[in-house]
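# Survey of secondary and tertiary structure
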Amino acid sequence: MVYFVGAGAGAADLITVRGSRLLQKADVIIYAGSLVNPELLNYAKTECEIYDSSKMTLEEVIEAVKAAEKDSKMTVRLHTGDQSIYSAVREQMDELDKLGIQYESCPGVSSFCGAAAALNIEYTLPDVAQSVIITRMAGRTPVPEKERLSLLAAHNATMVLFLSAGLADKVREELLCGGYDKDTPVAVVYKATWADEKSFICTVDTLPETVSENKISKTALIIVGEVVTHGNYRRSDLYNPNFTTEYRK
Ligand code: SAH
C-alpha cells in the first residue's frame, strides 16, 4: 500500500495528524527533499528506508515502490504542501494503476494557505474578490496558451503565482498587459511557515525590483490583488445580524 501524503508548507507541525501517523507506520518513505522539512523524518521508525526523490526519476521512484510492495511493505510518498498542486503526483498514480498497486491520498496544507497565514489575509473579500486564480508564469514548463498570465489577469481576481519568483519581469509585463493597475498591491512570500520565512509588500510595478533587491528567486509565492492590503471591502453577510442563514435565524 502506498500513501501519498501532503507534508504541509514547511513548519514540521503543519503536517496533519493523519499524515504524521502514516509516517510513523511507514516501512519506506520517499520524500521530496527539495522542499519537505527534514524534521518530519523524525517520525520514521529506525528501520524505515528513506529516499530523497529530488535526486530520483519517476522510474526510480516506481522501482522503490515496487520493491517495497514485493516485501508487503507500506510506503509513504511525502510531497511538499498539498500534492494536488504542481507535484507530479498523477503520473505516479498512473504507473501504480498499471502495476495494480493500491494507493490513497492524505492532503496537506498547501503553501498558498501558508502564505495567507503569514500575511493574515483572506483571499476572498466581499466586493473585492470572490475568486482565487492559482497559476504560474510559463518558464521551462510551458503553460497552455488559453491560460496565459495576461488572459487570467484580465479578471482582476486574487492571483497566487507559484514557481514564478525568478521571472518577475515577465510577471509584471503580463499582469499590466492583462489589465491590473500598476499600483495593485502584491505580496511576495518566501518560505512561508519555515523559520526563515520573509514577506514583502510591493505593487505590480515594483515587483521586479522587490524580488531582485531581496534576492528572492525560488521557494516564494507572488500574491496579487487588493486583498493583500484589504482596503474597501464590505462586511460579510455571514455574520451580519440583518442576514439569516440556515443556522442563525
Ligand atoms: N505542492 C506544493 C507546491 C509545489 S511547487 C504546495 O502545495 O505548496 C513548488 C513551488 O511552490 C515553489 O517554487 C514555490 O513557488 C511554492 N512554495 C512551496 N513551498 C513554499 C513556501 N513554504 N513558501 C512559499 N512558496 C512555496
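Residues numbered from 1 in each chain as written. Predicted model: local features only at pLDDT ≥ 70, side-chain atom pairs only at ≥ 80, totals over all residues. Heavy atoms only, no water.

## Structural notes on the nonpolar core
Nonpolar side chains tend to gather and get buried jointly when the protein is soluble and globular. Counting residues in each nonpolar core, the largest one holds 24 residues, and the members touching the most others are Met159, Leu175, Leu207 and Val224. When residues of this core are traced back to their parent elements, those giving at least two are helix H5 (149-153), strand E7 (158-162), helix H6 (168-178), strand E8 (185-190), strand E9 (198-203), helix H7 (207-213) and strand E10 (220-224). Among all residues touching Leu207, those that are not within four sequence positions of it are Ala168, Val171, Val186, Val188, Cys202 and Ile222. Judged by nonpolar contacts, the second largest core, of 20 residues, contains Tyr3, Val5, Met74 and Val76. (Core = buried A, V, L, I, M, F, W, Y, C linked by side-chain atoms within 4.5 Å. Buried < 20%, exposed > 50% of the residue type's maximum accessible area, 1.4 Å probe, protein only. Helix = DSSP H or I, 4+ residues; strand = E, 2+ residues; numbered from the N terminus. Contact = heavy atoms within 4.5 Å.)

## What to know about the site of the ligand
In the vicinity of the ligand lie 18 residues, with Ile85, Ser110, Ser111, Ala192 and Ala220 positioned nearest. Here Ala220 contributes a backbone N or O atom positioned 2.8 Å from an oxygen atom of the ligand. Contact with the protein chains hides 94% of the accessible area of the ligand, taken as 540 Å² for the molecule alone. Partitioned by chemical class, the residues of the shell around the ligand number 11 nonpolar, 5 polar and 2 charged. (Near = heavy atom within 4 Å. Polar contact = N/O pair within 3.5 Å; in protein donor to acceptor, adjacent residues only side chain to side chain. Areas by Shrake-Rupley, 256 points an atom, 1.4 Å probe, with all protein chains shown as cover. Nonpolar A, V, L, I, M, F, W, Y, C, P; charged D, E, K, R; others polar.)

## Considering the sheet that holds E7
Taken together, the 5 strands give an open sheet; going across it, the order is E6-E7-E10-E8-E9, and neighbouring strands pair in mixed fashion. Each having just a single partner strand, strand E6 (132-136) and E9 make up the two edges of the open sheet. The mean angle between the axes of side-by-side strands here comes to 20°, regardless of whether they run parallel or antiparallel. The sheet contact formed by E7 and E10 spans 3 bridges and is antiparallel. When the sheet's bridge partners are listed, Leu161 is paired in E10 with Ile222. Sheet strands touched by helix H4 (residues 111-119): E6, E7, E8, E9 and E10. Its angle to E10, the strand with the most contacts, is close to 70°. (Pairing = 2+ DSSP bridges. Axes fitted to C-alpha atoms, helices over the stretch in contact; angles between N-to-C directions.)

## Some remarks on the packing of helix H2 (residues 58-70) against helix H3 (residues 89-99)
H3 packs onto H2 with a crossing angle of 45° between their chain directions and a minimal axis gap of 11 Å. Judged on the interaxial angle alone, H3 and H2 are oblique. The handedness of the crossing between H2 and H3 comes out as right-handed. For the pair H2 and H3, the contacting residues are Leu58, Val61, Ile62, Val65 and Lys66 in the first and Glu91, Gln92, Glu95, Leu96 and Leu99 in the second. (Parallel < 35°, antiparallel > 145°, perpendicular 65-115°, else oblique. Left-handed = near helix turned anticlockwise from the far one by under 90°.)

## Section: H2
Taking 1.5 Å per residue as the helical rise, H2 with its 13 residues ought to reach 18 Å, and the 18 Å between its terminal C-alpha atoms agrees with that figure. By the burial criterion, the buried members of H2 are Val61, Ile62, Ala64, Val65 and Ala68. Along the axis of H2, the buried positions cluster into a sector of 155°, meaning they face one direction only. Summarising the geometry of H2, the exposed residues directed more than 90 degrees from the buried face are Glu59 and Lys70. Buried-residue contacts for H2 involve strand E1 (2-6), strand E2 (28-31), strand E3 (49-52), strand E4 (75-79) and H3. A positive phi of about 55° marks Ser72, the residue just after H2. (Expected span 1.5 Å × (residues − 1). Arc of directions from axis to C-beta.)

## Thoughts on the domain arrangement of the chain
Domain annotation of the chain identifies domain 1 (2-106) and domain 2 (111-229). Relative to domain 2, the C-alpha centre of domain 1 lies at a distance of 29 Å. Taken together, the contact pairs 10 residues of domain 1 with 12 residues of domain 2. Summed over the shared surface of domain 1 and domain 2, the number is 0 salt bridges. Where domain 1 packs against domain 2, one counts 3 residue pairs in polar contact (both at pLDDT 80 or more). Tallied by class, residues from the side of domain 1 that touches domain 2 come to 7 nonpolar, 3 polar and no charged. (Domains from an automatic or database assignment. Salt bridge = Lys/Arg side-chain N within 4 Å of Asp/Glu carboxyl O.)

## Overview of the packing of aromatic side chains
Counting across every chain of the model gives 3 aromatic pairs. A centroid spacing of 5.9 Å and a plane angle of 80° characterise the contact between Phe4 and Tyr103, whose relative ring orientation is edge-to-face. Note that Phe4 is positioned in strand E1 and Tyr103 in strand E5 (residues 103-106), a separation of 99 residues in sequence. For Tyr103, a relative accessible area of 22% gives the class partly exposed. The residue whose ring lies beneath Arg136 is Tyr86, and the NZ or CZ to ring-centre distance is 5.8 Å. A cation sits over an aromatic face here: Lys191 above Trp194, 4.4 Å from the ring centre. (Phe/Tyr/Trp six-rings, centres within 6.5 Å; stacked < 30°, edge-to-face > 60°. Lys NZ or Arg CZ within 6 Å of the ring centre and 35° of its normal.)

## Topic: the pattern of salt bridges
Under the defined criterion, the tally for this structure stands at 15 salt bridges. For the salt bridge of Asp27 with Lys45, the shortest nitrogen-to-oxygen distance reads 2.8 Å. With a gap of 18 residues between them, Asp27 in the loop between helix H1 (17-25) and E2 and Lys45 in the loop between E2 and E3 connect regions that are remote in the sequence. Judged by its relative accessible area of 23%, Asp27 falls in the partly exposed class. Judged by its relative accessible area of 27%, Lys45 falls in the partly exposed class. Across the pair Asp205 and Arg172 runs a salt bridge, and its minimum N-O distance is 2.5 Å. Linking Asp205 in the loop between E9 and H7 with Arg172 in helix H6, this pair joins segments that are 33 residues apart in sequence.

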